[in-house]
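# An overview of the molecular structure
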Amino acid sequence: MIDSDTALPERLARAITLAGPIPLAQFMAAANTHYYATRDPLGTRGDFTTAPEISQMFGELIGAWLTDIWDRAGRPATRCVEFGPGRGTLAKDALRAMAKAGLTPPVHFVETSPVLRDAQAEAVPDAEWSLDLVGVEDDAPLLVVANEFFDAMPIRQLVKTEEGWRERLVACQDTLFLPVTGDRGFDQIIPHHLRSAPSGSILETSPATLAILRALAARLLAQGGAALIIDYGHEGPAIGDTLQAVRGHEYANPFDAPGEADLTAHVDFAMIRDAAELEGLTVHGPVTQGAFLTALGIGARAEALSRAQPERADSIEVDRDRLIGGEAMGELFKVIALTAPGWPVPAGFA
Ligand code: SAH
């Protein structure tokens, strides 16, 4: 047996050699599970930097958003849930802002990585952890946040060929992984308007994202509450290959060294919107991260921070521009909110 986690490429190669090429989603799931389980990927010395790691303003404004909707919902007892909290920085900053307004809910982190759970425990010592929503108590409305979580969910890719739509699979020669086109036809599940797309077109779906959304919707419908989802992606439906690997802040080949780079894909916000509406939730947005943070008052927050720490004014301005600038995260990143029936319209989506 070579089932040690250090031998992921060998394990994948053996599985492919024995049973044939595997779906991209299976490759991506195995690679990301290993990747997140074995390191803290965040920050300048890691592989990538996220909004809460850029500035405390990000988590604080999300805390203000949560406080506002909770307040207008009549200040019920609630539970806070974050999916994939990374180092716990967003939660720490949000909870500090929330506590000032009297909102101090129990905190639940949905996280698979033991390394990141340790970091989260430093940031939010009282949190509870589980692998999915099943571990979250069902006795109160939920306030849910997911930042750069869904982009790490495995995707399937369908490719248009001369013979019709096929699935993109991952094959292996020795220990070299490469994408290949499967034999099975998928035309029957392709939306009508895409069936005649030109050869080479790629259509992405994320069954894992849909499964999590359905579970989340069931909870919000039963318990009440709101969810805020932030990620980079498009308002689709879009055709194109958005699979990417990032390692040491550089793009890498997604098929090289599985488990050693962060594999992500653009989040399809139209799919999230449609799925959430189908389940009976009310959907707000998507809007761009720039528009959202501006509406929540990032300008005033940056000015207040600069007044308190004049020596940091320049870097606070740079951080604000990274979060909202069109060339930085402001346009590519989108924000969507899902609310239970009867919950107020959340801030930031006017
Ligand atoms: N939200 C954080 C971290 C983003 S990185 C931030 O903005 O900084 C993605 C996070 O999702 C990590 O914490 C990772 O361990 C977690 N994660 C990835 N796949 C997961 C899964 N299937 N279930 C739960 N958590 C997962």
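To keep things clear, this report deals only with the structure shown in the data block. On a predicted model such as this, the values are computed, not experimentally measured, just so you know. (Residues numbered from 1 in each chain as written. Predicted model: local features only at pLDDT ≥ 70, side-chain atom pairs only at ≥ 80, totals over all residues. Heavy atoms only, no water.)

### Observations concerning the packing of helix H7 (residues 207-223) against helix H8 (residues 269-279)
Definition in use: Fitted lines through C-alpha atoms give the axes, limited to the stretch in contact for helices. The angle between two N-to-C directions lies from 0 to 180 degrees. Strands here mean DSSP runs of E at least two residues long; helices mean DSSP runs of H or I at least four residues long; both are numbered from the N terminus. Under this scheme an angle from 65 to 115 degrees is roughly perpendicular, one under 35 degrees roughly parallel, and one over 145 degrees roughly antiparallel; angles in between are oblique. Two helices cross in a left-handed way if the nearer one is turned anticlockwise from the farther one by less than a right angle. They cross in a right-handed way if the turn is clockwise. We call two residues in contact whenever any of their non-hydrogen atoms come within 4.5 Å of each other. Gly is placed with the polar residues, together with every amino acid not listed as nonpolar (Ala, Val, Leu, Ile, Met, Phe, Trp, Tyr, Cys and Pro) or charged (Asp, Glu, Lys and Arg).
Across the interface, H7 lies against H8 with an axial gap of 10 Å and an inter-helix angle of 40°. When the axes of H7 and H8 are compared, the pair comes out oblique. As H7 packs across H8, the resulting crossing turns out to be right-handed. Of H8, the residues touching H7 (which contributes Thr209, Leu210, Leu213, Arg214, Ala217 and Leu221) are Met271, Ile272, Ala275 and Glu279. Class assignment for the residues of the contact of H7 with H8 results in seven nonpolar, one polar and two charged.

### Topic: the site of the ligand
Under the convention used in this document: A cutoff of 4 Å decides nearness: a residue is near a molecule or strand if any of its heavy atoms lies inside that distance of it. Here a polar contact is recorded for every N or O atom pair within 3.5 Å, except that within protein the pair must consist of a potential hydrogen donor and a potential acceptor, and residues adjacent in sequence are included only if both atoms are side-chain atoms. In short, Shrake-Rupley with a 1.4 Å probe defines the accessible areas, and a residue's cover is counted only from the protein chains shown.
Lining the immediate environment of the ligand, one finds 16 residues, of which Thr50, Gly84, Gly86, Glu111 and Asn147 sit closest. Within the backbone of glycine 84, an N or O atom sits 2.7 Å from a nitrogen atom of the ligand. When isolated, the ligand has an accessible area of 570 Å², and the protein chains bury 91% of it. Grouping the constituent residues of the shell around the ligand by class yields eight nonpolar, six polar and two charged.

### Examining the pattern of salt bridges
For clarity, the threshold we go by: Note on definitions: salt bridges are taken to be side-chain nitrogens of Lys or Arg within 4 Å of carboxyl oxygens of Asp or Glu. Type-normalised accessible area, obtained with a 1.4 Å probe on protein chains alone, sets the label of each residue: buried when under 20%, exposed when over 50%, and partly exposed for intermediate values.
Within this structure, the stated rule accounts for 14 salt bridges. A salt bridge links aspartate 71 to arginine 75; the nearest nitrogen and oxygen atoms lie 2.7 Å apart. Between aspartate 241 and arginine 168 there is a salt bridge, with its nearest N and O atoms 3.2 Å apart. On the criterion of sequence distance, the pair formed by aspartate 241 in the loop between strand E10 (225-234) and strand E11 (244-247) and arginine 168 in strand E7 (residues 164-173) is long-range, its members being 73 residues apart. Residue classification places aspartate 241 among the partly exposed positions, given a relative accessible area of 41%. A cluster of three or more residues bridged by salt bridges with shared partners is formed by Glu60, Asp93, Arg96 and Arg301.

### Notes on the packing of helix H10 (residues 298-308) against helix H11 (residues 313-324)
For any two helices packed against each other, one specifies the inter-axial angle together with the distance between the axes. Direction vectors running N to C along H10 and H11 enclose 160°, while the axes themselves pass 9 Å from each other. Relative to H11, the element H10 is oriented roughly antiparallel. As for how H10 packs across H11, the hand of that crossing is right-handed. Across the interface between the two elements, Ile298, Ala302, Leu305 and Ser306 of H10 pack against Ala313, Ile316, Arg320, Leu323 and Ile324 of H11. Per-class residue counts for the contact of H10 with H11 are seven nonpolar, one polar and one charged.

### Considering helix H6 (residues 114-123)
Where we set the bar: The directions from the helix axis to the C-beta atoms are what the arc is built from.
By the burial criterion, the buried members of H6 are Leu116, Gln120 and Ala123. All buried residues of H6 fall inside an arc of 55° around its axis, so they share one side. Seen from the open side of H6, the exposed residues pointing more than 90 degrees away from its buried face are Asp118 and Glu122. Elements that come into contact with the buried residues of H6 comprise helix H2 (24-37), helix H5 (89-100), strand E3 (107-110) and strand E4 (128-130). Where H6 starts, the residue carrying a side-chain oxygen 3.3 Å from the main-chain nitrogen of valine 115 turns out to be serine 113.

Interpretation note: all reported values are geometric properties and have no functional meaning in isolation.
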